[in-house]
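# Topology and contacts: notes
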Amino acid sequence: MMVRPSSSFLLVGLLWLCCWGAIAQAGAEYMAYKDPKQPLNRRIKDLMGRMTLEEKIGQMTQLDRANVTAEIMRDFSLGSVLSGGGSVPREQASPQDWINMFNEFQKGALSSRLGIPMIYGIDAVHGHNNVYKATIFPHNVGLGATRDPELVKKIGAATALEVRATGINYAFAPCIAVCRDPRWGRCYESYSEDPAVVIQMTDVILGLQGEIPAGSRKGVPYVGGKDKVAACAKHFVGDGGTTRGINENNTVIDRHGLLSIHMPAYYHSIIKGVSTIMVSYSSLNGEKMHANHELVTKFLKDTLKFRGFVISDWQGIDKINYPLHSNYPEAVLAGVQAGIDMVMVPFNHTEFIGIVTDHVNNKRIPMSRIDDAVRRILRVKFVMGLFENPLADESFVDKLGSQAHRDLAREAVRKSLVLLKNGENADTPVLPLPKKTKRILVAGTHANNLGYQCGGWSLTWQGVSGNNYTAGTTILSAITAAVDPSTEIVFSENPDADFLKSNNFSYAIVVVGEQPYAETKGDSLNLTIAEPGPQTITNVCGAVKCVVVVVSGRPVVIEPYVSSMDALVAAWLPGTEGQGVSDVLFGDYGFSGKLPRTWFKTVDQLPMNVGDAHYDPLFPFDFGLATDPVEQL
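Now for a look at the structure at hand.

Cut-offs applied
- Residues numbered from 1 in each chain as written.
- Predicted model: local features only at pLDDT ≥ 70, side-chain atom pairs only at ≥ 80, totals over all residues.
- Heavy atoms only, no water.
- Helix = DSSP H or I, 4+ residues; strand = E, 2+ residues; numbered from the N terminus.
- Rg over C-alpha atoms; globule rule 2.2 N^0.38 Å.
- Buried < 20%, exposed > 50% of the residue type's maximum accessible area, 1.4 Å probe, protein only.
- Core = buried A, V, L, I, M, F, W, Y, C linked by side-chain atoms within 4.5 Å.
- Contact = heavy atoms within 4.5 Å.
- Phe/Tyr/Trp six-rings, centres within 6.5 Å; stacked < 30°, edge-to-face > 60°.
- Patch = residues over 30% accessible without salt bridge, like charges linked within 9 Å, V, L, I, M, F, W, Y side chains within 5 Å.
- Areas by Shrake-Rupley, 256 points an atom, 1.4 Å probe, with all protein chains shown as cover.
- Salt bridge = Lys/Arg side-chain N within 4 Å of Asp/Glu carboxyl O.
- Lys, Arg positive; Asp, Glu negative; His and termini not counted.
- Charge placed at Lys NZ, Arg CZ, Asp CG, Glu CD.

## Side note on the overall build of the chain
Scanning the chain for helices and strands turns up 22 helices and 17 strands. The C-alpha atoms of the chain give a radius of gyration of 28 Å, which matches the 26 Å a tight globule of 633 residues would have. When burial is assessed residue by residue, the chain has 62% of its 633 residues classed as buried.

## A short note on the nonpolar core
Formed by 118 residues in total, the largest nonpolar core has its most connected members in Leu47, Tyr120, Phe236, Ile277, Leu295, Ile311 and Phe352. Ile277 has contacts with Cys232, Ala233, Phe236, Tyr266, Ile270, Leu300, Phe306, Phe309, Val310 and Ile311, leaving out every residue within four places of it along the chain. Of all hydrophobic cores here, the second largest spans 65 residues; its members include Val141, Leu431, Val551 and Leu585.

## What to know about unusual backbone geometry
The omega torsion across Ala173 and Pro174 is 10°, close enough to zero to call that bond cis. With respect to the helices and strands, the residue Pro174 is situated in the loop between strand E4 (170–171) and helix H8 (195–201). The omega torsion of the bond from Phe236 to Val237 falls at -5°, within 30 degrees of zero and hence cis. One can find Val237 in the loop between strand E5 (232–236) and strand E6 (250–251). The phi torsion at Glu519 lies on the positive side, around 50°, for a residue other than glycine. If you trace the backbone, Glu519 turns up in the loop between strand E15 (507–513) and helix H20 (533–541).

## Some points on the packing of aromatic side chains
Inspection of every chain in the model, using the stated rule, returns 11 aromatic pairs. Taking the centre distance of 6.0 Å and the plane angle of 40° together, the rings of Phe499 and Phe505 count as tilted. Looking at Phe499, the relative accessible area reads 26%, which means it is partly exposed. For Phe505, a relative accessible area of 9% puts it in the buried group. The interplanar angle of 40° and the centroid separation of 6.0 Å between the aromatic rings of Trp572 and Trp599 together place this pair among those described as tilted.

## As for a positive patch on the surface
Residues Arg217, Lys305, Arg307 and Arg375 make up a contiguous surface patch of positive charge. Secondary-structure assignment places Arg307 in the loop between helix H12 (293–303) and strand E10 (309–311). Under the relative-accessibility criterion, Arg307 is labelled partly exposed at 30%.

Printed below as a string of structure tokens:
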């Protein structure tokens, strides 16, 4: 029997429809990882089940923005991009410039085979400090002087908004080091020498990431919406305890000391939902932290149950061996095996990816270690909502440098100031100063220098000098605005004796301190005020009633000069809002700050911390004179 042509066409047509349906169904395959209604662990498992080894190692890689293209993001499925200190799209880049750059990289990541969004990290350590016209808050040492966790939480929230204003979603903050020796160049990044104060200040995480909802599980990463960022507690662990305060050096300490001084802030950060933890360059009892499996994996991940991801510092793995980048395959093996999940390889992603691939293929790194790293990275990305909202939200642009944030920074400045001397004991207090008087001298290198006020990690890695780099108010400008219109302000950076005698000043405000620095460049064995600061103090305070304001990242040598001063204020590194200083000098607000660090007499006493048997400070930890605000006429 013959089949009619019409019947055969019908049969072929039916077969074609069936095949097309199957192909269409395969093309529209349901992907659980893309479904926000699915439980977090199901999404992670589904996505990881689809990933190749190359894609997994790509997720573990973080490259500096200067060495990234959208094509690299796509082709290598890179997990993250960062801006190193001062690494910007262009000079004086606007929020829109940052957003355009961020979105270009993110679109590259989204065009990869599985479309895994990137996370972009930046050192927003006292506000969004790399960015032109951002609000720069006091550095951590000043915030430690406030003893005000609620204020610090508000600063975290404001910083998160300014970071999001540029599209970025990850801040390498807070530094929860416990600086035990002010000779360390990063001491200003530490809230205090006392772990109890540092613990209080970990509330900044609740501002950066959002408060964990009541009833939620504690100790898992939490980022509460598009106006928040992933935070990073750093540098794990013992970075503030190195011998003689030498940066990246060796911390010699027993287990009890480690757990009672350097570790407690990490417990609290994990409980508060911190998303990531950065490993320290330093060593612990001779073992590089970047290669310390015992502490990174066994203690941090297994004992403390940290569920976020562990990230290296900039070229941290390169520094496992000396000289830099020597025996690199061995260092990569040590770092990844120690438990580092994401690696900052700012310059060469192909070398790193190739080495890790070789280690896995040759069974030197087990697949379980790679899967642990990727699971943790993806958990943070899912928690952040990146799969649903990967691109910049441009509605936050006006938050950068907003008046509300500048007002908050001004409040932080005035609460951070510590009054160390206010007249001799029997005298009438010098502060607060009268706003209405004949003529005031303002002197010193730091009175009219916004860059000096901000310190390191401000616009560039090492900081800047001068007033042309960003928006803000110098201490001189703040004083000028605060006094009565009839009061004459005379500014002279380093006046000589004749000038002082011939001008009949009512009183003088001398603002001196340290020049900006960051990290190793800030290590100092002498801790002196920058020249000609001591000379300015001697000249001015020998001729005129004087208030000395010290702008520094730590206690400095002042003992030889204190007797000549009528009043002394520790202003730390106050940031862009100099009015916070004038607010308190003239009595609109009272002094309330307390020393977060012991102020030594001589550097020969160092290290010296509260509780030590040989404790003999110039001003002890927690010292700070108080004043009441005055009613202004």
